[in-house]
Amino acid sequence: AQSVTQPDIHITVSEGASLELRCNYSYGATPYLFWYVQSPGQGLQLLLKYFSGDTLVQGIKGFEAEFKRSQSSFNLRKPSVHWSDAAEYFCAVGDNYGQNFVFGPGTRLSVLP
Amino acid sequence: GAGVSQSPRYKVAKRGQDVALRCDPISGHVSLFWYQQALGQGPEFLTYFQNEAQLDKSGLPSDRFFAERPEGSVSTLKIQRTQQEDSAVYLCASSSPLVGGHGYTFGSGTRLTVV
């Protein structure tokens, strides 16, 4: 069965610093990978997704993620964090049509002024 | 509508009470999903509809949970005889086959608190 781990429960960075959120997955076939962001009291917003092709994926709000099959990882990065990026971030893996997603436990990002 | 709409936003139920949570998907979206998100955790799959057919209900935690989508649009998640462990945010998502269900759209959720 597929699974997703996000090793960091909580990360704190200073505004303007770079960010990397880790995601590792276990999946028997070609994974469809996603990153979502959730602000308090809000639903999940898609940041980016990977299906195939270029392993470096660009998303919204200046985020990018790199798929590394050999490491079963799909880490999320941003070169310069803004205070508004403070939120909960979820990595997810899905099957061929994104059904039956499995989400990671999430990483809470705090941003210091 | 422009997005997935869920109501109510907040629901407080006394233990043992029945509740019904509503999801209005994006118009024309064939697929609809329900997830349960406990405090501090990621969402967990509950059930999936394609039009009015419930194709997967493997995530429903007990027979107290029941979901329906009788006309293939609006869906209702019903929880009977609520227990404290049912307290969570219930998220609904819908997707269109034209985009292959990838990265479907989530509603803002219903926060259920059982007291």
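Right above here is the structure, for reference.
Residues numbered from 1 in each chain as written. Chains lettered and ligands numbered in written order. Predicted model: local features only at pLDDT ≥ 70, side-chain atom pairs only at ≥ 80, totals over all residues. Heavy atoms only, no water.

(A) Summary view of the overall build of chain A. Across its full length, chain A holds 0 helices and 12 strands. Ordered by position from the N terminus, the helices and strands of chain A form the series β-β-β-β-β-β-β-β-β-β-β-β. By its C-alpha atoms, chain A is 40 × 30 × 20 Å across when sized along the principal axes. Residue pairs in contact within chain A that sit at least 24 positions apart in sequence constitute 54% of those at least 6 positions apart. Working note: accessible area of chain A is about 5300 Å², and carbon and sulfur atoms make up 49% of it. Taken as two groups, the 8 positive and 9 negative side-chain charges of chain A have centres that lie 1 Å from each other. (Helix = DSSP H or I, 4+ residues; strand = E, 2+ residues; numbered from the N terminus. Contact = heavy atoms within 4.5 Å. Areas by Shrake-Rupley, 256 points an atom, 1.4 Å probe, with all protein chains shown as cover. Lys, Arg positive; Asp, Glu negative; His and termini not counted. Charge placed at Lys NZ, Arg CZ, Asp CG, Glu CD.)

(B) Region of the structure containing the state of the cysteines. All names here are of chain A. In the structure shown here, the tally under the stated rule is 2 disulfides over all chains. The residue that forms a disulfide with Cys23 is Cys91, at a sulfur-sulfur distance of 2.0 Å. With the S-S dihedral at roughly -65°, the linkage between Cys23 and Cys91 falls on the left-handed side. Placement of the pair is Cys23 in the loop between strand S3 (19-21) and strand S4 (24-26) and Cys91 in strand S10 (residues 87-94), with a sequence separation of 68 residues. (Disulfide = S-S within 2.5 Å.)

(C) Structural detail: the layout of surface pockets. Each pocket or cavity is described by its volume, and for the largest pocket that value is around 590 Å³. For the largest pocket, the lining is made up of 32 residues, of which Gln38 of chain A together with Gln37, Leu39, Gly40 and Arg111 of chain B are closest to its centre. Mapped by element, the contributors of at least two residues to the lining of the largest pocket are S10 and strand S12 (107-112) of chain A together with strand S9 (88-95) and strand S11 (110-114) of chain B. At 4 residues, S11 of chain B tops the list of elements feeding residues into the lining of the largest pocket. (1 Å grid on protein atoms, 1.4 Å probe; cavity = no way out; pocket = protein on both sides within 12 Å on 5 of 7 lines; lining within 4 Å. Points joined across faces, edges and corners; volume = space filled by probe spheres on them.)

(D) Representation of the nonpolar core in the model. Of all hydrophobic cores here, the largest spans 26 residues; its most connected members are Leu19, Trp35, Leu47, Leu48, Phe74, Leu76 and Tyr89 of chain A. No other element matches S10 of chain A, which puts 4 residues into this core. Residues Ala88, Cys92, Leu112 and Val114 of chain B belong to the second largest nonpolar core, which totals 20 residues. (Core = buried A, V, L, I, M, F, W, Y, C linked by side-chain atoms within 4.5 Å. Buried < 20%, exposed > 50% of the residue type's maximum accessible area, 1.4 Å probe, protein only.)

(E) Inspection of the side chain of Lys78 of chain A at higher detail. Residues and elements named next belong to chain A. Summarising the element assignment, Lys78 is placed in strand S9 (residues 73-78). Judged by its relative accessible area of 10%, Lys78 is buried. With sequence-adjacent residues up to four places away left out, Lys78 is seen in contact with Ala17, Ser18, Leu19, Lys61, Gly62, Phe63 and Asp85.

(F) Inspection of the packing of aromatic side chains at higher detail. Going through the model one piece at a time under the given rule, you end up with 16 aromatic pairs over all chains. For the pair Phe90 of chain A and Phe103 of chain A, a centre-to-centre distance of 6.5 Å together with 85° between the ring planes defines the contact as edge-to-face. Note that Phe90 of chain A is positioned in strand S10 and Phe103 of chain A in strand S11 (residues 102-103), a separation of 13 residues in sequence. Just as Phe90 of chain A is buried, Phe103 of chain A falls in that class too. When the ring of Phe103 of chain A is compared with that of Tyr35 of chain B, the centres are 5.6 Å apart and the planes differ by 90°; the resulting orientation is edge-to-face. (Phe/Tyr/Trp six-rings, centres within 6.5 Å; stacked < 30°, edge-to-face > 60°.)

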